[in-house]
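Structural features, examined
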Amino acid sequence: MKSMLASMAVVLTFCAAPAAAAEFPKTGSAEFDTYFVDNTVAKIDGGAGTGAIVDSSGITRNVKGEGPFHDMSVRCLYHWSVVGETNHFNGSCVDTDKDGDNVFTTFDDKNHYLMGGTGKYKGITGTAAYTIVELHDTVGGRPALIVNHKATWEIK
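Described below are features of the structure shown in this document. (Residues numbered from 1 in each chain as written. Predicted model: local features only at pLDDT ≥ 70, side-chain atom pairs only at ≥ 80, totals over all residues. Heavy atoms only, no water.)

1. Brief notes about the overall build of the protein chain
Across its full length, the protein chain holds 1 helix and 8 strands. The linear arrangement of helices and strands in the protein chain, starting from the amino end, is α-β-β-β-β-β-β-β-β. Counting over 156 residues, the protein chain shows a buried share of 31%. Long-range contacts, defined as pairs at least 24 residues apart, comprise 41% of the intrachain contacts of the protein chain with a sequence gap of at least 6. Element-wise, carbon and sulfur atoms account for 60% of the exposed surface of the protein chain, whose accessible area totals about 9700 Å². (Helix = DSSP H or I, 4+ residues; strand = E, 2+ residues; numbered from the N terminus. Buried < 20%, exposed > 50% of the residue type's maximum accessible area, 1.4 Å probe, protein only. Contact = heavy atoms within 4.5 Å. Areas by Shrake-Rupley, 256 points an atom, 1.4 Å probe, with all protein chains shown as cover.)

Encoded structure:
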């Protein structure tokens, strides 16, 4: 009986031990969604156009429910301008994974650009085309949106 209890304790110990973090692929592609809430820090309106500085934060999830870029926190700072019906975006973001490793990106009207990182992402470069789905503003008027990304990368 004692040996059976000891065996069960060993099995439970190994089952409860955290799994080692999987190594991030050196090259690859992934599709992921980021769920953002924006906070407009400053805004100007010149009559012919509007500009704003926006502090945005959210959570990123791989559309498969696992894999690269899954369950990462994100913070972005960006400049947004509107002239007529045309929107322009330029900014930078930091995505942080569960281990505390970061990916630094910049973006413009068409793509995010993976510019480097820390830990397992050190040396990462790549591109992520994106599309935006605007949601209803949160209570209090903060814009909410989902940004779908289709990324390819390599780590050197």
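That covers the picture; the talk isn't over yet.
2. A closer look at unusual backbone geometry
One non-glycine residue, Phe 69, lies in the positive phi region at around 65°. Within the element layout of this structure, Phe 69 appears in the loop between strand E2 (50-62) and strand E3 (72-83). By relative accessible area, Phe 69 is classed as buried at 4%. With a phi close to 55°, Asp 71 is a non-glycine residue in the positive phi region.

3. Description of the sheet that holds strand E5 (residues 102-107)
Pairing in this closed barrel of 8 strands is antiparallel, and the strands run E1-E2-E3-E4-E5-E6-E7-E8 around the ring. Direction aside, the axes of adjacent strands within the sheet are offset by 30° on average. Pairing between strand E1 (residues 27-45) and strand E8 (residues 144-155): 11 bridges, direction antiparallel. Within the sheet, the bridge partner assigned to Gly 28 lies in E8 and is Trp 153. (Pairing = 2+ DSSP bridges. Axes fitted to C-alpha atoms, helices over the stretch in contact; angles between N-to-C directions.)

4. Examining the pairing of strand E6 (residues 111-117)
Here E5 pairs with E6 via 5 bridges, running antiparallel. Note on E6: the bridge partner recorded for Thr 105 is Leu 114. Here E5 folds back onto E6, and the loop between the two strands holds 3 residues. The sheet contact formed by E6 and strand E7 (residues 124-134) spans 4 bridges and is antiparallel. Across the sheet, the residue bridging to Asn 111 is Ala 129, located in E7. The turn linking E6 back onto E7 is made up of 6 residues, and Gly 119 within it adopts a positive phi angle of 60°.

5. So, a nonpolar patch on the surface
Judged by side-chain polarity, Val 94, Phe 104 and Met 115 come together as a nonpolar surface patch covering roughly 250 Å² of accessible area. Looking at the element boundaries, Met 115 is found in strand E6. (Patch = residues over 30% accessible without salt bridge, like charges linked within 9 Å, V, L, I, M, F, W, Y side chains within 5 Å. Salt bridge = Lys/Arg side-chain N within 4 Å of Asp/Glu carboxyl O.)

6. Section: the nonpolar core
Core analysis: the biggest nonpolar cluster contains 13 residues, and Phe 24, Phe 69, Val 103, Leu 114, Tyr 121, Ile 124 and Trp 153 have the highest contact counts within it. Elements that contribute at least two residues to this core include exactly E1, E7 and E8. Ranked by residue count, the leading element in this core is E8, at 3 residues. With 12 residues, the next largest nonpolar core counts Val 74, Cys 93, Phe 107 and Val 147 among its residues. (Core = buried A, V, L, I, M, F, W, Y, C linked by side-chain atoms within 4.5 Å.)

7. With respect to the state of the cysteines
Under the defined criterion, the tally for this structure stands at 1 disulfide. Disulfide partner of Cys 76: Cys 93, at an S-S distance of 2.0 Å. Handedness of the Cys 76-Cys 93 disulfide follows from its S-S torsion of about 105°: it is right-handed. Placement of Cys 76 in strand E3 and of Cys 93 in strand E4 (residues 86-96) is noted, with a sequence separation of 17 residues between them. When its relative accessible area of 3% is taken as the criterion, Cys 76 is described as buried. (Disulfide = S-S within 2.5 Å.)

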